[in-house]
Amino acid sequence: MTTLRRLAIVLLASALAVAGIGTAQAGAAAAAQADPTAPAAVAPAGQTARTLPAGGRFTPVDTTRIWRGTVGTKPVRVEVPQLVGVPGLGNAAVLNVEVEHPTAAGWVRIAPDGATAAVADQVFARDQTISALTTVGVVDGAVLVSIKTGTATVSLDLSGYYADTVGSTFTPVSAVRTFTGTVGTAPVRVPLAGRAGIPTDATAVAVNTGIGSPTTSGYVRVTPAGRDAQVATQEFTAGRPVSNLAIVRLVDGAAQVKVSAGRAQVVMDVAGYYTADDRGSAFVSVAPTRTATVHPTTTASLVPVTGTGPVPATASAVVATVGVSGPSAAGYVRVTAPGQDAQVAVQSFRAGEAVSNLVMTPVSGTDRTRNLQVKVSAGSATVFFDVAGYFVDGSTGSAVGVDYGQGACSSPANTVDTRRAPSDAAFGVVDVGSRTSAAYRSGCVPPLLTAAQTAVGITGEDRVQYLMHAGNHGDKYAARFPDVLPWPTSDTAPTGGPVVTGNRYGSCAGALDEACSYVLGVWAAWDATSVAGVPDPADQMWWLDVHNARWAVQDDPAFGQAYLEGATTYLESRGARVGIRGTADELWQHLGPVPATSVIADLPSAAIVAGDLTDAHRMCVTGAPLLGGPLEQVVYSGGGGSRVVSCR
């Protein structure tokens, strides 16, 4: 199973008995937790609705234990129960993971079913009881739980889930201190909505809860106001500070906090809030990926979150586990947006101790790079960042475009397969072919154009772009295949096409040479722009795809250059912008070295990579262009078709 398939949106599991909870009992509990009065996700008055990535809306629930059991090094499959009355698909769950009585020091890992987790969600010492929040993709209705070594008792408490069509969007904020006080065993109400920049209609908040100077060992609970779920947000020991991120549903605009025994100083720092509309950002789940390992000191340093992992440069925030190892002195780590230095501890630690915690942190930077900021309060330490997902708002989409081609058209109905043409595409590249089958051109291209026009849009990219199969098929292929143009015998195209003038290779007389190759390129570009429903090429981006095209075995690179020069010259004469798509090996095979005097020498390029989204983002930063122009896009396979990352 590929990484991308693991991340695919899947149906939540049918209502099943989980960890001793019967089907009816689990369903009734979920129904009671869901808020049936929550407003629909619509844009408020005066605000334009935005298209957000599918599956990225959050529904909070009253934190509920869904599983408890003994875990070892072999992953245990845990089903996430279906949430009653929720339409659409669920693709990620927010879980508080509690580890009790581990027999050895190590860490716990939570991964989508079928995936091999390579990063830690929480580190712990031998016999230490500790909790951590995680957001994990749900595949085939389940997740996998394992620890590094030994055994431990692990509990999973569900705080909410991300799904299609229903739920709230997230607005990250620079961490804001919203509560400081001494808390005991009696619940303390914490009003949040309408304060510290949190709107009055917020449905939930992400809040880092720190415990200081506890008088005895116990645990803290952060729950909706008036609710006292029998689950722990974080365990603590007497006199020992500790923190944990929680996502808590608001009731009448408030949450509540209590400890299980004794008294403790509690601080609550809001990292963001959810609202039931499109004002915020949608969540995109990814396979947990280590994006950075840094060595911060008391001076804040930038940490890039793009370029080495799956986070696009349009992300508004990241969800990541921040781990600290080998600190030289006792203190705490802070992770904030660049330029911020909020008085917020992500996690406290002792000298030499390894700790971790989840963050939901705003990121900022350029249209190529997004960063966050990290520092420690004393000494130095090694800090790693394991990204589990990111948020994007609807103004730019996810910075990933989609190829709309034959694979996305269901024949013979000629309808667009929405699995291969998702509504959250940042831009669309429509395959108009060149002498492809008449059925495809007449039946598939119009609905694919319509689908591509629903793309969200991103700065620097045309919302709709076009792709032409560009291959010099020679005279032999012309006789063998009906879906290619006939080999030219003169400068006049068949069926009313243009008469080629200004051919720098001379006139075409039917020979297999550069002159006729150039004419064939002109004819192919004219043919592609003549497909029904394709608009005038002026001010449109056209990609010449040498990857999915017929190339004759007897061609030499000079003929390939002449063909692409003809196609480029024709498209540019119509006012189009032109680029080349393929791999470096293919271009060398079909074109050889391109002289600087050629019209194609400085074309921008879209490179094809044999990898996933992570590889594509990495190539955007480190890859070389195919020709003299910039590398503008990287194409990879995913979700049943081709996806296109913008490198702009």
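Structure first, text after, so check above.
Scoring rules and cut-offs
- Residues numbered from 1 in each chain as written.
- Predicted model: local features only at pLDDT ≥ 70, side-chain atom pairs only at ≥ 80, totals over all residues.
- Heavy atoms only, no water.
- Helix = DSSP H or I, 4+ residues; strand = E, 2+ residues; numbered from the N terminus.
- Buried < 20%, exposed > 50% of the residue type's maximum accessible area, 1.4 Å probe, protein only.
- Contact = heavy atoms within 4.5 Å.
- Areas by Shrake-Rupley, 256 points an atom, 1.4 Å probe, with all protein chains shown as cover.
- Pairing = 2+ DSSP bridges.
- Axes fitted to C-alpha atoms, helices over the stretch in contact; angles between N-to-C directions.
- Expected span 1.5 Å × (residues − 1).
- Polar contact = N/O pair within 3.5 Å; in protein donor to acceptor, adjacent residues only side chain to side chain.
- 1 Å grid on protein atoms, 1.4 Å probe; cavity = no way out; pocket = protein on both sides within 12 Å on 5 of 7 lines; lining within 4 Å.
- Points joined across faces, edges and corners; volume = space filled by probe spheres on them.
- Nonpolar A, V, L, I, M, F, W, Y, C, P; charged D, E, K, R; others polar.
- Parallel < 35°, antiparallel > 145°, perpendicular 65-115°, else oblique.
- Left-handed = near helix turned anticlockwise from the far one by under 90°.
- Disulfide = S-S within 2.5 Å.

## Re the overall build of the protein chain
Moving on, step 1. Summing up its helical and strand segments, the protein chain has eight helices and 35 strands in all.
Moving on, step 2. Across the 648 residues of the protein chain, 58% fall into the buried class.
Moving on, step 3. If you take every contact in the protein chain between residues at least 6 apart in sequence, the share linking residues at least 24 apart comes to 81%.
Moving on, step 4. Approximately 23,700 Å² of the protein chain is accessible, and the part contributed by carbon and sulfur atoms is 53%.

## Points about the environment of V432
Moving on, step 1. Relative to the helices and strands, V432 resides in the loop between β29 (428–431) and α3 (438–452).
Moving on, step 2. For V432, a relative accessible area of 0% gives the class buried.
Moving on, step 3. In sequence terms V432 and S530 are 98 residues apart; their C-alpha atoms lie 9.3 Å from each other.
Moving on, step 4. When sequence neighbours within four positions are dropped, the list of residues in contact with V432 reads R441, V445, Y466, L467, A528, V531, V534 and W542.

## Looking at the side chain of S159
Moving on, step 1. Its location among the elements puts S159 in strand β8 (residues 152–163).
Moving on, step 2. Apart from the residues within four sequence positions on either side, S159 is in contact with F58, P60, V61, T63, V94, L133 and I247.

## Considerations on the sheet that holds strand β2 (residues 76–79)
Moving on, step 1. Pairing is antiparallel in the open sheet, where four strands are placed in the order β2-β7-β4-β5. Two strands close off the open sheet at either side, each with one partner strand: β2 and β5 (122–124). Each strand axis lies, on average, 25° off the axis of its neighbour in the sheet, ignoring direction.
Moving on, step 2. Across five bridges, the pairing between strand β4 (residues 106–112) and strand β7 (residues 142–147) is antiparallel. Each bridged residue has a counterpart across the sheet, and for A111 the counterpart in β7 is L144.

## Things to note about helix α6 (residues 557–573)
Moving on, step 1. Over its 17 residues, α6 runs 24 Å from end to end, which matches the ideal 24 Å to within 8%, given 1.5 Å per residue.
Moving on, step 2. Burial analysis of α6 places twelve of its 17 residues in the buried class, the great majority of the element.
Moving on, step 3. Among all positions in α6, only F559, G560, Q561, A562, Y563, L564, E565, G566, A567, T568, Y570 and L571 are buried.
Moving on, step 4. Those residues of α6 that are buried lie in contact with β30 (464–469), α5 (514–529), β31 (541–545), β32 (577–582) and α7 (584–591).
Moving on, step 5. For α6, the capping residue at the N-terminal end is D556, with a side-chain oxygen 3.0 Å from the backbone nitrogen of A558.
Moving on, step 6. In the stretch just after α6, G575 is the one whose phi turns positive, near 90°.

## Quick notes on empty space enclosed by the protein
Using a probe with the size of a water molecule, rolled over the atoms, empty space left in the structure can be pinpointed.
Moving on, step 1. Enumeration according to the criterion identifies six cavities of 30 Å³ or more in this entry.
Moving on, step 2. Reported here for the second largest cavity is a volume of approximately 100 Å³.
Moving on, step 3. Broken down by secondary-structure element, the contributors of at least two residues to the lining of the second largest cavity are β8, β12 (218–224) and β14 (242–249).
Moving on, step 4. Considered class by class, the residues forming the lining of the second largest cavity number seven nonpolar, five polar and one charged.

## Some details on the packing of α5 against α6
Moving on, step 1. The interhelical angle for the contact between α5 and α6, taken along N-to-C directions, is 40°, at an axis separation of 7 Å. Classified by the angle between their axes, α5 and α6 sit oblique to one another. Every pair of crossing elements has a handedness; the one defined by α5 and α6 is right-handed. Here E514, S517, Y518, L520, G521, V522, A524, A525, W526 and T529 of α5 come into contact with α6, specifically with A558, F559, A562, Y563, E565, G566, A567, T569, Y570 and L571.
Moving on, step 2. Looking at the contact of α5 with α6 residue by residue, the classes come out as 13 nonpolar, five polar and two charged.

## With respect to the state of the cysteines
Moving on, step 1. Applying the stated criterion to the full structure yields one disulfide.
Moving on, step 2. For C508, the disulfide goes to C516, at an S-S distance of 2.0 Å. Its torsion about the S-S bond being 95°, the disulfide of C508 and C516 is classed as right-handed.
Moving on, step 3. Given the relative accessible area of 7%, C508 is considered buried.
Moving on, step 4. According to the relative accessible area criterion, C516 is buried, its value standing at 0%.

Purely geometric stuff here, so don't read any function into it on its own.
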